[in-house]
Every structure is written in C-alpha cells, then in structure tokens.
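Summary of structural features
One-letter residues, chain by chain:
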Amino acid sequence: LSKAHISRSLRRTIIKKNFEIKSNKDFNQVILSCADPKFGRQDTWINNSIKKVFNTLHESGYAHSVEMYLNKSLVGGIYGVSIGSVFFAESMFSAIPNGSKIALLNLVARLWRTGFRILDVQFLNDHLLQFGAYEISKNEFQADLQKAIQLEVDILSFGETDVDFSNCLSSFLQARIEMS
C-alpha cells in the first residue's frame, strides 16, 4: 500500500472533487456494474452464483465496496473481500474516465489508514501497474498472507461519509508526496 503511485493528472482530478465517494452503500450494483458489458467487459466470470456468494459475504461483513458517484449516479466502483489485514480486490468498473481509478485510490487510502498490510489485486495488468502494483513470488505471498490475516483491523473503523473519504485520501496523498 505504501508503494502506491498516483499520477499528477489524477491528483488534479481528485483535487477538483466534483464527485462523491461512499462505501458499502450499493454493493450489489457495484457487482452488477463490474459484470456489465457496457463498461468494457465482453466476457465476465461474475455469474449469478458469484453475485449471490459475494452479497452473502457483504451481509456478513466480509465483502465491501467503494463507490464513486457523480450527480448522485454511480459511475465507478470496486469490491472485494476483507480478511484480517488483507483486502482481496475482486473487480472494478468505470462508467466515466477515472471512475474506477478514483474508487481504487480511495480504497487504497482507506486500507492504508486502517492498518491493512496487503491489497491483493490477483492479476497484474497495465491499469494496475500504473498505480505501483507489483508481483511477488507465491512463497513470499503465502508468508506475508499468513502474518497479515492474523492482524485484526476494521476497514470501516474510519468513518463512512464522503468527508471521511476525502480526509483519508488527502492524508494518503500528502504522505505519498512527503515520501517522494
């Protein structure tokens, strides 16, 4: 999480703040949007069984979403599962430019702020590489995972309002600037 990279142009977009960020307000719609071909996916692994399982995990407090709204419309989001201090990101979508990027950065900032150790993105691609995602060996991942799942952290321990997200992201961006 501490190695996340944010481009200058994305920072400028974030500073304009013409969007609203929420968490777990429309979890099911985030999953539906992640599977929707109109958001760029021709094939999806997100079938009805997956949707049902993840909604059950969400109701049990294990699965979470971060959503980006513009003019009260859901325009970007990401969802995944939280175990210990590990967040396993499952999928994300964007209906507008930067929608999924801003949702992802808000997730990263929240994980950083609440003490998470690992954000598992599962598959490396160009989209995730631009944020500083990197691959580690299976053995290294398993060793890190065993430690991280033992830590008790709460992804919801830092508020759920748009102001909370904004403050969290601002703190994260400031820390990233100071580290560079």
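In short, a report on the structure.

Conventions we followed
- Residues numbered from 1 in each chain as written.
- Predicted model: local features only at pLDDT ≥ 70, side-chain atom pairs only at ≥ 80, totals over all residues.
- Heavy atoms only, no water.
- Helix = DSSP H or I, 4+ residues; strand = E, 2+ residues; numbered from the N terminus.
- Contact = heavy atoms within 4.5 Å.
- Salt bridge = Lys/Arg side-chain N within 4 Å of Asp/Glu carboxyl O.
- Buried < 20%, exposed > 50% of the residue type's maximum accessible area, 1.4 Å probe, protein only.
- Pairing = 2+ DSSP bridges.
- Axes fitted to C-alpha atoms, helices over the stretch in contact; angles between N-to-C directions.

Looking now at the environment of Y62. Mapped onto the secondary structure, Y62 falls in the loop between α3 (48–59) and β2 (63–70). Along the chain, Y62 and S82 lie 20 residues apart, while their C-alpha atoms are 5.4 Å from each other. In this structure, Y62 is in contact with L57, G80, V81 and S82, ignoring residues within four places of it in sequence.

Tallying each qualifying case throughout the model produces one salt bridge. K22 serves as the salt-bridge partner of E20, at 3.9 Å between the closest nitrogen and oxygen. On the basis of relative accessibility, which here comes to 24%, the residue E20 falls in the partly exposed class.

Attention shifts here to the sheet that holds β2. Taking strand neighbours across the sheet as the criterion, the five strands line up as β1-β2-β3-β4-β5 in an open arrangement whose pairing is mixed. Strands at the two margins of the open sheet, each flanked by one partner only, are β1 (20–23) and β5 (118–120). Adjacent strand axes in the sheet meet at a mean angle of 25 degrees, parallel and antiparallel pairs treated alike. Pairing geometry for β1 and β2, over four bridges, is antiparallel. In the strand pairing of β2, K22 is matched with E67. Those strands touched by helix α2 (residues 27–35) are β2, β3 (73–83) and β4 (86–94), and its axis lies near 100 degrees from that of β3. Docked against the sheet, helix α6 (residues 138–148) engages β4 and β5, running at close to 125 degrees with respect to β5.

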